[in-house]
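In case you want the letters, here they are:
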Amino acid sequence: MRKILTTSFILLFMSLTVGAQRISPLEQLKADPRKSYGTDYPYRFTDVRLTPAPAGYSPFYISHYGRHGSRYYWSDRLYKELDTLLTVAHERQQLTNRGEQFYDSYMAVKKELMTGWGELTQLGWEQHQRIARTMYYNFPEVFCKGGNVMAVASLVGRCVISMSAFCQELVQCNPMIEIREQSSRFTLHSVVPDDKQNPLRRTFPQSKPRYEKNRDKFKANRVESDAIVSRVFTSTEGLKYSKNRIGSMLANLYTSLPNIGYDGMMDGILTDEEIATRWELSNLGSYSWVFKPRYEVIPILEDIIEKADAVLAGKSDRLADLRFGHDSYIGPMTVLMGINGADLDPEDPNEVKNCYQNWETCMASNIQLVFYRCERAPGEVLLKCLLNGEEAVLPVPTTMAPYYKWSDFRQFYLDRMASAQ
């Protein structure tokens, strides 16, 4: 196992050296502190220059998995707890002047928040529109003549609406594209395979990342909740929650607000820099969360391989297979596939940030596998992986990164999945 991990580190280092992301996670945070929002980070569009395909090769098929776009907070519990907390503190005159302003702002939108919890926002719709349009113009050879596309989503509304936004935009780009959209129990195995309604549901082994045995070695700056809480409350005496809990509640609301369009509601209470100071600790928790169920998303990778095989064998005429699900699946997918080293499983907790960053599992995060073929060499199919629109590194051996031979990719992951079951 250690030999395999060492080889993976070497392959990752070599791939990073030849053109992938070279900016350290902490440097990225300095440039964009909002990345510390992790899975609440709104999708960021950047100008990306993709590596040209080898001579004679052109894209012909795309296999995709995307998280739903920006939404209200995933549960109404946060909104209800804050409502109770702020109401009691207001009645007891335990709010600061800034706290009273926050109370007024929160009460003005409380009904909307409690009605909208878990729902896709306008920003979430726009994210998928733009991702679809970017895909179309990045790979015009795939879509220019029109043809068939299959799109499936989980049974949750925000995923279905994200799928609709994406598909509508593709058809706007080219009305000759025919898209079949489906959200049903028949296709759950390819988007949310552990859903209790999935008739093909299977069980898989789980294991914790190795760093958890060495948590005492973790060293990072931390911001205590007291400073944040004191900006809102003159005292927390008699209130239902501890200062740490109140601080976490305020932070959770703060990082969710840009997804709703209420960015400035908590100005003067929290700052992006304070959230960034807590990031490395939260990233550790995220890594445990996506690492443990990594094998449960095997059916998604199996579906990717099965659908690609059908296209390559001429049994399917699809231009693309699109899947719309949740962070709790695309996150583990990055670990199962080892995208950008997410499968390296370091023993040192201080190294986790270098193989996984939870902002990569942001709102509308997506994996795109783009397939290429050459008329002069019809049997040799290549692919490359995009993570959130940027070329990614895979643990599959290659001499032409970011491109990989489909035959190598296919066998590598078939072996990996077989060894896990």
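As a convention, each chain's residues are numbered from 1 in the sequence order in which they are written. Since the coordinates come from a predicted model, pLDDT governs what is reported: local features require at least 70, and pairs of side-chain atoms require 80 or more to be given and counted, while whole-chain, interface and lining totals use all residues. Remark: hydrogens and water are excluded; side-chain values derive from all non-hydrogen atoms of the structure.

Caption draft 1: A look at the overall build of the chain. Numbering of helices and strands starts at the N terminus; helices are DSSP runs of H or I of at least 4 residues and strands are runs of E of at least 2. Summing up its helical and strand segments, the chain has 14 helices and eight strands in all. For the radius of gyration, the atoms used are the C-alpha atoms, and the globule rule reads 2.2 Å times the number of residues raised to 0.38. Taking 421 residues into account, the globule formula puts the C-alpha radius of gyration at 22 Å, and the chain, at 23 Å, falls close to it. Dimensions of the chain, computed from the C-alpha atoms along their principal axes, are close to 75 × 50 × 40 Å. Buried residues in the chain amount to 54% of all 421 residues. Reported accessibility uses the Shrake-Rupley method at a 1.4 Å probe radius. Residues are deemed covered only where the shown protein chains occlude them. Here the chain displays about 19400 Å² of accessible surface, and carbon together with sulfur accounts for 50% of that area. The average position of the 50 basic charges and that of the 50 acidic charges among the side chains of the chain differ by 4 Å. Whether a residue is buried, partly exposed or exposed follows from its accessible area with a 1.4 Å probe, protein chains only, as a fraction of its type maximum: under 20%, in between, or over 50%, in that order. Asp and Glu are treated as the negative residues and Lys and Arg as the positive ones, with His and the ends of the chain left uncounted. Taken as the charge location is NZ of Lys, CZ of Arg, CG of Asp or CD of Glu.

Caption draft 2: Quick peek at the pairing of strand β4 (residues 318-325). Summarising burial for β4: seven of the eight residues are buried, a large majority. Pairing between two strands requires that DSSP report at least two bridges joining them. Taken together, the six bridges between strand β1 (residues 57-67) and β4 define a ladder with parallel strand orientation. For Y65, the partnering residue across the bridge sits in β4 and is R323. Strand direction decides the pairing type here: strand β2 (residues 147-153) and β4, joined by six bridges, are parallel. Residue pairing for β4: A151 is matched across the bridge by L322.

Caption draft 3: Region of the structure containing the packing of helix α3 (residues 76-91) against helix α9 (residues 243-256). Throughout, an axis means a line fitted to C-alpha atoms (over the contacting stretch in the case of helices), and angles, computed between N-to-C directions, take values from 0 to 180 degrees. Two elements in contact, α3 and α9, have axes whose closest approach is 11 Å; the angle formed by their N-to-C orientations is 125°. Compared by their axis directions, α3 and α9 come out oblique. In terms of crossing hand, the pair formed by α3 and α9 is left-handed. Taken together, the residues of α9 that come into contact with α3 (itself represented by R77, L78, Y79, E81, L82 and L85) are R245, I246, M249, L250, N252 and L253. Each residue is assigned to one class: nonpolar for Ala, Val, Leu, Ile, Met, Phe, Trp, Tyr, Cys and Pro, charged for Asp, Glu, Lys and Arg, and polar for all the others, Gly among them. Across the contact of α3 with α9, the residue classes break down as eight nonpolar, one polar and three charged. Any angle that falls under 35 degrees is termed roughly parallel, while one over 145 is termed roughly antiparallel, one within 65 to 115 roughly perpendicular, and all others oblique. Rotating anticlockwise by less than a right angle from the far helix to the near helix defines a left-handed crossing, while the corresponding clockwise rotation defines a right-handed one. Any two residues having at least one pair of non-hydrogen atoms within 4.5 Å are treated as being in contact.

Caption draft 4: View of the packing of aromatic side chains. Between 30 and 60 degrees the pair is tilted, below 30 it is stacked and above 60 it is edge-to-face, where a pair is any two Phe, Tyr or Trp rings, Trp via its six-membered ring, whose centres lie within 6.5 Å. The full count for this structure, using the stated rule, is 18 aromatic pairs. For the pair Y61 and F371, a centre-to-centre distance of 5.2 Å together with 55° between the ring planes defines the contact as tilted. With Y61 in strand β1 and F371 in strand β5 (residues 366-374), the pair connects residues that are 310 residues apart, well separated along the chain. Given the relative accessible area of 0%, F371 is considered buried. Ring geometry for Y287 against F291: centres 5.5 Å apart, planes inclined by 50°, an arrangement best described as tilted. With a gap of four residues between them, Y287 and F291 both fall in helix α11 (residues 279-291), about one helical turn apart. Classification of F291 by relative accessible area gives buried; the value is 3%. Each member of the aromatic cluster is reached from another via a ring pair, and the members are F60, Y61, F371, W406, F409, F412 and Y413. Residue placement shows R373 over the ring face of F60; its charged tip is 4.0 Å from the ring centre. By definition, being over a ring means that NZ of Lys or CZ of Arg is both within 6 Å of the ring centre and within 35 degrees of the ring normal.

Caption draft 5: Just the environment of Q197, in detail. With respect to the secondary-structure elements, Q197 resides in the loop between β3 (177-182) and α8 (225-229). Judged by relative accessible area, Q197 falls into the partly exposed class, the value being 41%. Each C-alpha atom, one on Q197 and one on L29, is 39 Å from the other, the two residues being 168 residues apart in sequence. Leaving out residues up to four positions away in the same chain, Q197 has contacts with L155, R185 and L188. Of the polar contacts made by the side chain of Q197, one reaches the side chain of R185; its length is 3.4 Å. Polar contact is defined as a pair of N or O atoms within 3.5 Å, subject to the rule that within protein one atom must be able to donate a hydrogen and the other to accept it, and that residues adjacent in sequence are counted only when both atoms are side-chain atoms.

Caption draft 6: Representation of helix α4 (residues 97-116) in the model. Here the expected span of a helix is defined as 1.5 Å times the quantity of residues minus one. For α4, spanning 20 residues, the distance from its first C-alpha to its last is 28 Å, which sits close to the expected 28 Å at 1.5 Å a residue. Every buried residue of α4 is listed here: R98, G99, F102, Y103, Y106, V109, L113 and G116. Of the surrounding elements, those touching the buried residues of α4 are α3 and α9.

Caption draft 7: Layout of the confidence of the model for the chain. When pLDDT is averaged across the chain, the result is 93; 94% of the residues are at 70 or more. Per-residue confidence from the predictor is reported as pLDDT, which spans 0 to 100. Segment residues 1-21 is flagged for pLDDT under 50; beyond a separation of four residues in sequence, or across chains, it makes 21 contacts in the model.

Caption draft 8: Highlighting α9. A rise of 1.5 Å per residue sets the reference length of α9, with its 14 residues, at 20 Å; its end C-alpha atoms lie 20 Å apart and thus fit the reference within 8%. Residues I246, G247, M249, L250, A251, L253, Y254, T255 and S256 constitute the buried set of α9. Against the buried residues of α9 lie α3, α4, α8 and α10 (272-277).

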